[in-house]
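Breakdown of the fold
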Amino acid sequence: MTQYLDFEKPLAEIEGKAEELRALARANEEMDVEDEAAALDAKADKMLAELYQTLTPWRKCQVARHPQRPHCRDYIEALFTEFTPLAGDRNFADDHAVMGGLARFDDKPVMVIGQEKGDDTKGRILHNFGMARPEGYRKAVRLMEMANKFGLPVITLVDTPGAYPGKGAEERGQSEAIARSTEKCLQIGVPLVSVIIGEGGSGGAVALATADRVAMLEHSVYSVITPEGCASILWKNAEKMREAAEAMRLTAQDLFKLKVVDRVIPEPMGGAHRHREEAIAAVGRTLRAMLAELDGKKPATLIKDRRQKFLDMGKQGLAA
């Protein structure tokens, strides 16, 4: 069953009425309600298109956080074969917010690393809502080093509100672990491509997205802080999150103009959560295209170009 966001309530009413009519028809075979239900379907489709063609930045944040949106595990299961998960940072623990391992993409060996939020209450608690602790980023560093050693392309799938800010995480060196992961992204001599599949929150996202090519799904977001956090700092009022989202330029479209990301991946009408298979297939096509652009490049060239890409970022200012 589709979970509706706040701004989708009028749509929920129309689709609910269509489903009620069909339920009555199933209970009474003599009833013919298909014309009325089809009219409601057409009205709902039109409303859905209008809503998603005019999404504000704050509404895009809501879509990016939708609980039914495909998560890292969904992409791995659909796009990769022979996935062999690798666990632990060989120091403290295994962080379930970061999952990764060896796999095949188009029958070619790769290393895939991503942040997993979980699909239900139990899963979200297990994966800490996608908020990694230091051991998660140290696991990512370990996997990137392994990929570099064996010449395997690295694919990262980013979906996190940010790194976990708890006391234990800070005691174990959260900021240092994020910095080491970002540094490792810049050091490896193999192709590194990244897709923001939902939320790209702060350094917790940058630690996996400092890549040769970075793509964003159309309704994903990527920012230095959440709109609520920004509003709390600037206005001392988290309810100002709509204004913060507007000012932060966190949408895929704005970030593409600013050359922070390289591609925007179109989503099905109504968002990736409504047509999961179609959205996953679109990400697969984009990964294939980005890896093809990097195929055959020498390690020294990859490292040089990747570093220069991030050094050049922001030179054009915010006028774009």
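Before going into details, it helps to say that this report is about the structure given with it. (Residues numbered from 1 in each chain as written. Predicted model: local features only at pLDDT ≥ 70, side-chain atom pairs only at ≥ 80, totals over all residues. Heavy atoms only, no water.)

**Describing the environment of V141**
You can see V141 is positioned in helix α6 (residues 134-150). For the pair V141 and K17, spaced 124 residues apart in sequence, the C-alpha to C-alpha distance is 51 Å. Residues within four places of V141 in sequence aside, it is in contact with R180, S181 and K184. (Helix = DSSP H or I, 4+ residues; strand = E, 2+ residues; numbered from the N terminus. Contact = heavy atoms within 4.5 Å.)

**Quick notes on a nonpolar patch on the surface**
Taken together, the side chains of I233, L234 and W235 define a hydrophobic patch exposed on the protein surface, amounting to about 330 Å² of accessible area. The residue L234 is located in helix α10 (residues 227-234) in this model. (Patch = residues over 30% accessible without salt bridge, like charges linked within 9 Å, V, L, I, M, F, W, Y side chains within 5 Å. Areas by Shrake-Rupley, 256 points an atom, 1.4 Å probe, with all protein chains shown as cover. Salt bridge = Lys/Arg side-chain N within 4 Å of Asp/Glu carboxyl O.)

**Considerations on the pattern of salt bridges**
For the coordinates displayed, the defined rule picks out 22 salt bridges. A salt bridge links E228 to R65, with the shortest nitrogen-to-oxygen separation between them at 2.8 Å. Of the two residues, E228 sits in helix α10 while R65 sits in the loop between α3 (57-64) and α4 (72-79), which places them 163 residues apart along the sequence. On the basis of relative accessible area, R65 is assigned to the partly exposed category, the value being 27%. When the shortest N-O distance is used, the salt bridge between R172 and E135 registers 2.9 Å. In this pair, R172 sits in the loop between α7 (167-171) and α8 (174-187) while E135 sits in helix α6, placing the two residues 37 residues apart along the sequence. The exposure class of R172 is partly exposed, given its relative accessible area of 25%. A network of salt bridges, in which partner residues are shared, links R65, K117, D159, E199 and E228. (Buried < 20%, exposed > 50% of the residue type's maximum accessible area, 1.4 Å probe, protein only.)

**Details of the state of the cysteines**
By definition, a disulfide links the sulfur atoms of two cysteines through a covalent bond. Enumeration according to the criterion identifies zero disulfides in this entry. Here C61 is not disulfide-linked; the sulfur of C230 is the nearest cysteine sulfur, at 11 Å. Judged by relative accessible area, C61 falls into the buried class, the value being 1%. Distance from the sulfur of C72, which forms no disulfide, to the nearest cysteine sulfur (C185) is 15 Å. (Disulfide = S-S within 2.5 Å.)

**Examining the environment of S220**
Tracing the sequence through the fold places S220 in the loop between β6 (213-217) and β7 (221-223). Linking S220 and D159, residues 61 residues apart in sequence, is a C-alpha distance of 9.0 Å. Setting aside its immediate chain neighbours within four residues, S220 contacts A64, R69, I196, I197, G198, L250, T251, A252 and E267. A polar side-chain atom of S220 sits 3.4 Å from the main-chain carbonyl oxygen of I196. In this structure the side chain of S220 is engaged in a polar contact, spanning 2.6 Å, whose partner is the backbone oxygen of L217. (Polar contact = N/O pair within 3.5 Å; in protein donor to acceptor, adjacent residues only side chain to side chain.)

These figures come from the coordinates and say nothing about function on their own.
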